[in-house]
Each structure stands twice: as C-alpha cells, then as structure tokens.
Amino acid sequence: MRQELLEKVKSRRATVGIIGLGYVGLPLARSFARVGVRVLGFDVDVGKVKKLNAGKSYIQQIPDATIAAMREQRFEATSDFARLGEPDAILICVPTPLTEAREPDLSYVVKSAQSIAAKLRPGQLIVLESTTYPTTTRNVVLPILEATGLKAGQDFFLAFSPEREDPGNQTHSLDTIPKVVGGLDAASAELACAVYGTIVPKVVKVSSPEVAEACKILENTYRAINIALVNELKLLYDRMGIDVWEVIDAAKTKPFGFQAFYPGPGLGGHCIPIDPFYLTWVARQYGCTTRFIELAGEVNTSMPAFVVSKVGDALNERAKPIKGSKVAILGMAYKKDVDDPRESPGFELMDLLLKKGARVTYNDPHIPTLPTMRHYPHLQMTSQPLTAAYLAEQDCVLIATDHSAYNYPWIVEHAALVVDSRNATRDVTAGREKIVKA
Ligand SMILES: NC(=O)c1ccc[n+]([C@@H]2O[C@H](COP(=O)([O-])OP(=O)(O)OC[C@H]3O[C@@H](n4cnc5c(N)ncnc54)[C@H](O)[C@@H]3O)[C@@H](O)[C@H]2O)c1
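Residues numbered from 1 in each chain as written. Predicted model: local features only at pLDDT ≥ 70, side-chain atom pairs only at ≥ 80, totals over all residues. Heavy atoms only, no water.

Asker: I'd like a description of the overall build of the protein, backed by residues and values.
Answerer: Per the secondary structure count, the protein includes 15 helices and 13 strands. Its C-alpha radius of gyration of 24 Å places the protein within 12% of the 22 Å reference for a compact globule of 438 residues. Based on the C-alpha atoms only, the size of the protein along its principal axes is roughly 75 × 50 × 40 Å. The buried share of the protein, reckoned over its 438 residues, is 54%. For the protein, restricting intrachain contacts to residue pairs at least 6 apart in sequence, the fraction spanning at least 24 positions comes to 69%. When the accessible surface of the protein is summed, it comes to about 19,000 Å², and 55% of that surface belongs to carbon and sulfur atoms. (Helix = DSSP H or I, 4+ residues; strand = E, 2+ residues; numbered from the N terminus. Rg over C-alpha atoms; globule rule 2.2 N^0.38 Å. Buried < 20%, exposed > 50% of the residue type's maximum accessible area, 1.4 Å probe, protein only. Contact = heavy atoms within 4.5 Å. Areas by Shrake-Rupley, 256 points an atom, 1.4 Å probe, with all protein chains shown as cover.)

Okay, here's the thing in structure tokens:
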C-alpha cells in the first residue's frame, strides 16, 4: 500500500485533493498543478468553485491568468464531496477560527474529516494543514478516520504539515519556504514528505504531528509576543518623545541577536491574533496558564484604543472634538497590499471612532466594500475615491494600513492632519507639522 502510493507520488501520477480553496489552499493547488500533478480542489462555497472552474480568481494576489493556466494544467474545483475517494493524498486547508467565547473552533476541520471518512479508501494519505493546537491531528482527526474501521499507518496514512503562506510577500512563497512535516508513523511521514517534496525546496521531517503543530504555533506566537513588545515600547517612547520606529531601525543594524518587529494599530489577519488563543486553550487542558502569551494579547488588543486617543489628542490640539469631526481611515486590509480584511484592526478603529461621534469614511484600493464582519455587522461602507478634495474636507486622515499604492507626500499635501499608525510617512519631507505618529 505504502510502496504503491510512494511510487505514484514520485512519478507524479498521484492525484492531490485540497479541501478549502482559500488563501492557503489555492496557492498550494497552484504549486501542484504547476509541476504537472492532477489537483482536485474541494470547497463548500459553490460561487468560488464556479469562478475557479471558469478560470477566474477571487483573490487579488492570484491573477486570473494563473487560474486559467491551472485549469489548462490539471486543476479542477468541486463542491461534490462524494469525490473525496478520487485523490490519493488529501490536504485539509479549512479555517480554524475562534468561537464567540474565544476558544478553538475546530468545526471546519471536523466536518472535513467526516467528509473524508465517508469516502476513505485504503491507500489514501490525509494531511492536516490548518493551524491548530498540538494534538489535534491525533485526538480529533484520527478517531474520525479510524471510526471507518480502517487503521492509520496500515490502511491509510495521516500527517500534519503547517502552512507558512505569507500573503502579499513577494520574496517568500511556497516555492521557496521549507515545509515542516510530522507523520503519525514512519510510513505516513515518508509519504507526506514525498508529496511536499514535489513542490517545495526543502521538507523538514519532524518526529510527530504534535511537533509540527507546536512548531507552527511557536512561529506565530513568537510574532505576537515580539509585536506586543514593540507596541508596549511605542506607548512608553511616545510619552518620552522618542520615535520608536527610529529606535527599531537603529537596533536592527545589530547583525546578531535582534530581529526587527514593528508596532501598529493592532494585530490583524487570520493567524497572529488567533493562534495564541489555541495554545492558551490547550494549555488549560493540561493545567497550565500561558501568562506571557495572554499578556501579549492584552497589549496588542489595546492598540486601537491608543491610536484613537492619538486622533483625539491631535484634533484637540486643533480645537476640535472627535464628535462631529470627519475622519478618513486609509487602509482597511489587515496588512499592506493585500485584499484580506479578516481580523483587521481597521474595524475596531472605525467602531471606536464612530462610538465617539466621529463621521468616519474609508478608502482602501484593495477593499471596495467592507464585508460583513462577525463582530462588526453594523459597519457597512464602501471605499471613497481618494481625491485631493476628499482629503481636504477631512478633519483627520488616519493611516491604518500602509498600502504601497498610496502616494504619501500627496496625501500629506492635501490633508489638514495625518495620524500615521504605520510610519508610512517616514520619507515625507513637506508638511511634517501635519503628521502625528500613533
Ligand atoms: N491566510 C494565511 O496567511 C495563513 C497562513 C498560514 C496558515 N493559515 C491557516 O490555514 C488555514 C486556512 O486559512 P485560509 O487563510 O486559507 O482560510 P480561507 O478562509 O481563505 O479559506 C478557507 C476556505 O475553506 C472553505 N471551506 C470552509 N469550510 C469548508 C469545508 N467544510 N469544506 C471545504 N471547504 C471549506 C472556505 O469556503 C474557504 O474558501 C487556517 O487554519 C489558517 O489559520 C493561513
């Protein structure tokens, strides 16, 4: 069984199934399609499936031409989960969000495992890619698959391999980033390594799925904590009149022992604000508290309020209250140059300002309309055209995301006041008296 699948993978005759064609699943499908592997993508969203099969993309960073090329290669999307018996290897890339109580919501992973179980056949390899707490593969996915009567390591194979996709990053992509793989047993590890070996430059085999799961959480928690550190320093240095960005730029000239992280208006995206909570949740099951991580979460979630306080102070300086003032937020995506607003601090900024009575609008070249967000269903707006007149009529322009498409000298030229939470205006020379860093 193992040998047969291994040979199929090595000769690229194996079909790869990908469940969840999102920011993670779609680039993965592209990488396999590119090397000539047949890819069957599964998604519950029939709209996405239709679009993809018509050769159209729905993610800005992936052009239509790429999807069209994938279609010509051997990529097909489907919402028919009865076809899960077709692929030889199935990679699960579904969301792992938090519940209302901020606990891990594994319902998407469980549903995917159940769909696979319904069609599981001997000789299939299943890999969980969704970010989650250590033990999920063994304690959540494995029992669902083994309830079929088939045995892992013998009839089918199971592994965890975390995704390291960084949307918008032009330097690092799937084709250049090493992939960590942890198999439930030696055969599962070998097969999963072979599958990824066809698309990534380096596969890092670890001893278990738990190590691979814990590795991903370490990477993201490391970011969350370091961002919290510079956010805390920003608050202190702001009071002391020291520019934290200049401090970081100076510190990063040290060639060892320091990695630069930058402050911002709050955490955003699908990973960094969410994943540490997966770890704190599982830690509680083991009778541990992760105080360090929770503290980082506290610091990071307080940042939008700090930015709004800077907007209030800056308006106050100009003898204006927040109430009734026109505030334009620039950038609602969670980070520069992406069209993804998930968990973006822009929503919290907008909400806080509206609650204080500001007349808020926004511009984001990547987000023409705000999607309905679970925690902010009342924030329904469309992006305003960014014109000199629009900027001039604002009492304050708040830079929430530093998209490259923005012409910062031009923005400062036409705005009366710019509150910059990203140091996006660092190189602007004219009109510096109008800029407040936040
Ligand atoms: N976006 C990133 O930068 C990134 C990076 C690393 C890891 N991750 C992790 O990867 C996982 C996926 O994230 P994403 O950003 O790709 O999410 P996404 O929301 O962009 O994509 C998920 C896709 O899964 C589909 N889906 C939902 N339920 C499904 C089901 N039961 N069956 C089939 N399809 C289903 C959705 O329609 C959507 O297209 C998450 O665990 C996330 O934490 C994301």
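Asker: Outline the nonpolar core, listing residues and values.
Answerer: Formed by 41 residues in total, the largest nonpolar core has its most connected members in Ile18, Leu26, Phe32, Phe75 and Leu125. If you look at the next biggest cluster of nonpolar residues, it comprises 38 residues, including Phe81, Leu128, Ala152 and Val180. (Core = buried A, V, L, I, M, F, W, Y, C linked by side-chain atoms within 4.5 Å.)

Asker: Go over helix H7 (residues 186–197), please, and point to the residues and values.
Answerer: The end-to-end C-alpha distance of H7, which contains 12 residues, comes to 16 Å, matching closely the 16 Å that a straight helix rising 1.5 Å per residue would cover. Summarising burial for H7: 9 of the 12 residues are buried, a large majority. Ala187, Ser188, Ala189, Leu191, Ala192, Cys193, Ala194, Val195 and Tyr196 are the residues of H7 that are buried. Two to three positions downstream of the cap, the backbone nitrogen of alanine 187 sits 3.1 Å from a side-chain oxygen, assigning the N-cap of H7 to aspartate 185. (Expected span 1.5 Å × (residues − 1). Polar contact = N/O pair within 3.5 Å; in protein donor to acceptor, adjacent residues only side chain to side chain.)

Asker: An account of the pairing of strand S6 (residues 157–160) is requested, with residue identities and associated values reported.
Answerer: Where burial is concerned, the two faces of S6 agree: the one with Phe157 and Ala159 and the one with Leu158 and Phe160 are both buried. When strand S5 (residues 125–128) meets S6, the two strands line up parallel, connected through 4 bridges. By the bridge assignment for S6, isoleucine 126 is matched with leucine 158. Between S5 and its parallel partner S6, the chain crosses via helix H6 (residues 136–146), and the hand of that crossover is right-handed. Pairing analysis gives 2 bridges linking S6 to strand S7 (residues 179–183), with the strands arranged antiparallel. Paired with alanine 159 across the two strands is glycine 183, which belongs to S7. (Pairing = 2+ DSSP bridges. Right-handed = clockwise from strand over helix to strand, strands pointing away.)

Asker: Before we move on, can you summarise unusual backbone geometry with the specific residues and values?
Answerer: Residue glutamate 343 is not a glycine yet carries a positive backbone phi of 55 degrees. Relative to the elements of secondary structure, glutamate 343 occurs in the loop between strand S9 (326–330) and helix H13 (345–355). Phi is positive for asparagine 423, which is not a glycine, with a value near 60 degrees. Structurally, asparagine 423 can be placed in the loop between strand S12 (418–420) and strand S13 (435–437).

Asker: Could you give an account of empty space enclosed by the protein, with specific residues and numbers?
Answerer: Counting across every chain of the model gives 3 cavities of 30 Å³ or more. In this model, the largest cavity occupies a volume close to 60 Å³. The wall of the largest cavity is formed by Lys8, Val9, Arg12, Ala14, Val16, Phe32, Val37, Ala89, Val195 and Thr198. Classifying every residue of the lining of the largest cavity by side-chain character gives 7 nonpolar, 1 polar and 2 charged. Of the pockets and cavities examined, the second largest cavity occupies roughly 50 Å³. Pro162, Glu163, Arg164, Glu165, Leu174, Ile177, Pro178, Lys179 and Val200 are the residues that line the second largest cavity. Tallied by class, the residues present in the lining of the second largest cavity amount to 5 nonpolar, no polar and 4 charged. (1 Å grid on protein atoms, 1.4 Å probe; cavity = no way out; pocket = protein on both sides within 12 Å on 5 of 7 lines; lining within 4 Å. Points joined across faces, edges and corners; volume = space filled by probe spheres on them. Nonpolar A, V, L, I, M, F, W, Y, C, P; charged D, E, K, R; others polar.)

Asker: Tell me what's going on with the sheet that holds S12, and back it up with residues and numbers.
Answerer: With parallel pairing, 5 strands are arranged side by side in an open sheet as S10-S9-S11-S12-S13. One side of each edge strand has no neighbouring strand; the edge strands of this open sheet are strand S10 (359–363) and S13. Adjacent strand axes in the sheet meet at a mean angle of 25 degrees, parallel and antiparallel pairs treated alike. Where strand S11 (residues 396–399) lies against S12, 3 bridges are found, and the strand directions are parallel. For isoleucine 399, the partnering residue across the bridge sits in S12 and is aspartate 420. Against the sheet, H13 touches S9, S10 and S11, its axis set at about 175 degrees to S9. (Axes fitted to C-alpha atoms, helices over the stretch in contact; angles between N-to-C directions.)

Asker: Describe the side chain of asparagine 363, listing the residues and the values that go with them.
Answerer: Summarising the element assignment, asparagine 363 is placed in strand S10. Residue class for asparagine 363 comes out buried when judged on its relative accessible area of 7%. In this structure the side chain of asparagine 363 is engaged in a polar contact, spanning 3.5 Å, whose partner is the side chain of serine 383. Polar side-chain contacts of asparagine 363 include one of 2.7 Å to the backbone oxygen of glutamine 384.

Asker: Can you lay out the site of the ligand for me, pointing to particular residues and giving the numbers?
Answerer: Taken together, 27 residues are adjacent to the ligand, and Val24, Asp43, Lys48, Thr96 and Thr131 come closest. Aspartate 43 places a side-chain nitrogen or oxygen 2.6 Å from an oxygen atom of the ligand. Backbone polar atom of threonine 131 to an oxygen atom of the ligand: 3.0 Å apart, as the coordinates give it. Considering the ligand on its own, with 820 Å² of exposed area, one finds that the protein chains cover 92% of that surface. (Near = heavy atom within 4 Å.)

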